[in-house]
Amino acid sequence: MNAVSVAQPRYAQIKETIRRRIRSGDWPEGFQIPSEHRLLEEFSVSRMTVHRALRDLTDEGLLTRVQGLGTFVAERPPSMEVVELRSIADEIAARGNRHSCSVERLLAISADSGLARRFNLPVGATLFHSVVVHRESDVPVQLEERWVNPAVAPAYLEQDFSRQTPGDYLIRLEASPQVEHVIEAVAPSAEIAALLEIPPAEPCLRVTRRTWVNAHGAQNCVVTVAMLVHPGSRYRLGARFQMPPG
């Protein structure tokens, strides 16, 4: 173990060592850290001491513990947004066109290992899942697939998303959320191509959005993960911002 202040309690020494490994990149985001048994052997401490260190780091948002899988370095939100996305309904209205949508799926599901990690929840935890196709003057322009944390939006399945978008509904529930956007060019699956009424070979733009809030006794409580898929021939993504002086 790296040298630390001998005045620190043992659990605090373990926390500091784990923090250093994360900050240095030795343990990157998504990395599965050694088991409690391996850690207690490495640090020559009791299981209770290791458990307290891991629990504190989980409460701080540095680690996420997934029941049945283990403990992972948490995927943390970025310090600033890359781009701000407007509501698809507002975008369409601003162009003077008519927004409409159809709800293809709206149900409760059990989180698999991938979703459990993204939401910092146990495998099998309940999530809400929706699939909505947004249209501009009757032409499909966006497929929105979204997973939602029921602890933040318990009435999500009761909403009429033909009258308001899921994003608009969630914005009213989220107090000062932190937002992450990942933008990629992708090939559509057969199902997505059919829902968007495009040829299977047409390239698409996919925006994956994830939001966090500090709520429900946890830091960085994940509210929603959404994948927004746009046909490349029908959508452009832009942003306007002001450069800082100097």
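Residues numbered from 1 in each chain as written. Predicted model: local features only at pLDDT ≥ 70, side-chain atom pairs only at ≥ 80, totals over all residues. Heavy atoms only, no water.

A. Representation of the overall build of the protein chain. Counting secondary structure elements, the protein chain contains 7 helices and 8 strands. The 246 residues of the protein chain split such that 44% are buried. Residue pairs in contact within the protein chain that sit at least 24 positions apart in sequence constitute 60% of those at least 6 positions apart. (Helix = DSSP H or I, 4+ residues; strand = E, 2+ residues; numbered from the N terminus. Buried < 20%, exposed > 50% of the residue type's maximum accessible area, 1.4 Å probe, protein only. Contact = heavy atoms within 4.5 Å.)

B. Structural context of helix H2 (residues 36-43). For H2, every residue scored as buried is listed here: Glu36, Leu39, Leu40 and Phe43. For H2, the angular spread of the buried residues around the axis is 100 degrees, confining them to a single face. On its buried side, H2 packs onto helix H1 (10-23), helix H3 (47-59) and strand E1 (63-66). Of the residues trailing H2, Ser44 is marked for its positive phi of about 55 degrees. (Arc of directions from axis to C-beta.)

C. Region of interest: the side chain of Arg209. Along the chain, Arg209 turns up in strand E7 (residues 204-215). Those residues in contact with Arg209, other than ones at most four positions away along the chain, are Val179, Glu180, His181, Thr224, Val225 and Ala226.

D. Molecular detail of the pattern of salt bridges. This model, assessed by the stated rule, comprises 15 salt bridges. Arg19 is the salt-bridge partner of Glu16, the closest N and O atoms lying 3.5 Å from each other. A residue pair is termed a helical-turn pair when its members lie 3 or 4 positions apart in one helix, as Glu16 and Arg19 do in helix H1 at 3 residues. In this structure, the salt-bridge partner of Glu36 is Arg65, at a minimum N-O distance of 2.6 Å. Linking Glu36 in helix H2 with Arg65 in strand E1, this pair joins segments that are 29 residues apart in sequence. On the accessibility criterion, Arg65 (29% relative accessible area) is partly exposed. One network of salt bridges, in which partners are shared, links Lys15, Arg52, Arg55 and Asp56. (Salt bridge = Lys/Arg side-chain N within 4 Å of Asp/Glu carboxyl O.)

E. Just the pairing of strand E5 (residues 139-148), in detail. Within E5, 9 of the 10 residues are buried, which leaves the element mostly enclosed by the surrounding structure. Hairpin remark: strand E4 (residues 126-136) followed by E5, antiparallel, with 2 residues in the connecting loop; positive phi at Ser137, about 50 degrees. (Pairing = 2+ DSSP bridges.)

F. Looking closely at unusual backbone geometry. Despite not being glycine, Asn120 has its phi angle at roughly 60 degrees, a positive value. You can see Asn120 is positioned in the loop between helix H5 (113-119) and E4. Positive phi is not limited to glycine here, since Glu197 has a value of about 60 degrees. Here Glu197 is to be found in the loop between helix H7 (190-196) and E7.

G. Spatial organisation of the packing of H2 against H3. Two elements in contact, H2 and H3, have axes whose closest approach is 9 Å; the angle formed by their N-to-C orientations is 110 degrees. On the basis of the axis angle, H2 is roughly perpendicular to H3. Considering the relative orientation of H2 and H3, their crossing is right-handed. Residue-level inspection shows Glu36, His37, Leu39 and Leu40 of H2 in contact with H3, the latter providing Arg47, Val50, His51 and Leu54. (Axes fitted to C-alpha atoms, helices over the stretch in contact; angles between N-to-C directions. Parallel < 35°, antiparallel > 145°, perpendicular 65-115°, else oblique. Left-handed = near helix turned anticlockwise from the far one by under 90°.)

H. Inspection of the side chain of Thr64 at higher detail. If you trace the backbone, Thr64 turns up in strand E1. Those residues in contact with Thr64, other than ones at most four positions away along the chain, are Gly70, Thr71, Phe72, Ala74 and Asn120.

I. View of the nonpolar core. Counting residues in each nonpolar core, the largest one holds 18 residues, and the members touching the most others are Ile14, Ile18, Ile22, Ile33, Val50, Leu54 and Leu63. At 5 residues, H1 tops the list of elements feeding residues into this core. In this structure Leu54 touches Ile18, Ile33, Glu36, Leu39, Leu63 and Arg65, once residues within four positions along its chain are discounted. Ranked by size, the runner-up nonpolar core spans 13 residues in total, among them Phe72, Leu115, Phe119 and Val222. (Core = buried A, V, L, I, M, F, W, Y, C linked by side-chain atoms within 4.5 Å.)

J. Structural context of the confidence of the model for the protein chain. Here the protein chain averages 85 in pLDDT, while 84% of its residues score no lower than 70. Within the model, pLDDT remains below 50 along residues 78-83, and this stretch shows 8 contacts once partners closer than five positions in the same chain are excluded. (pLDDT = per-residue confidence, 0-100.)

K. Structural context of the packing of aromatic side chains. Applying the stated criterion across every chain, the model contains 5 aromatic pairs. When the centroid spacing of 6.4 Å and the interplanar angle of 10 degrees are considered together, the rings of Phe128 and Tyr156 count as stacked. With Phe128 in strand E4 and Tyr156 in the loop between E5 and helix H6 (166-173), the pair connects residues that are 28 residues apart, well separated along the chain. Ring geometry for Tyr156 and Tyr169: centres 6.3 Å apart, planes at 50 degrees, overall tilted. Here Tyr156 is found in the loop between E5 and H6, whereas its partner Tyr169 is found in helix H6, with 13 residues between them in sequence. The buried category is assigned to Tyr156, whose relative accessible area is 0%. Taken together, the ring pairs connect Phe128, Tyr156, Phe161 and Tyr169 into an aromatic cluster. (Phe/Tyr/Trp six-rings, centres within 6.5 Å; stacked < 30°, edge-to-face > 60°.)

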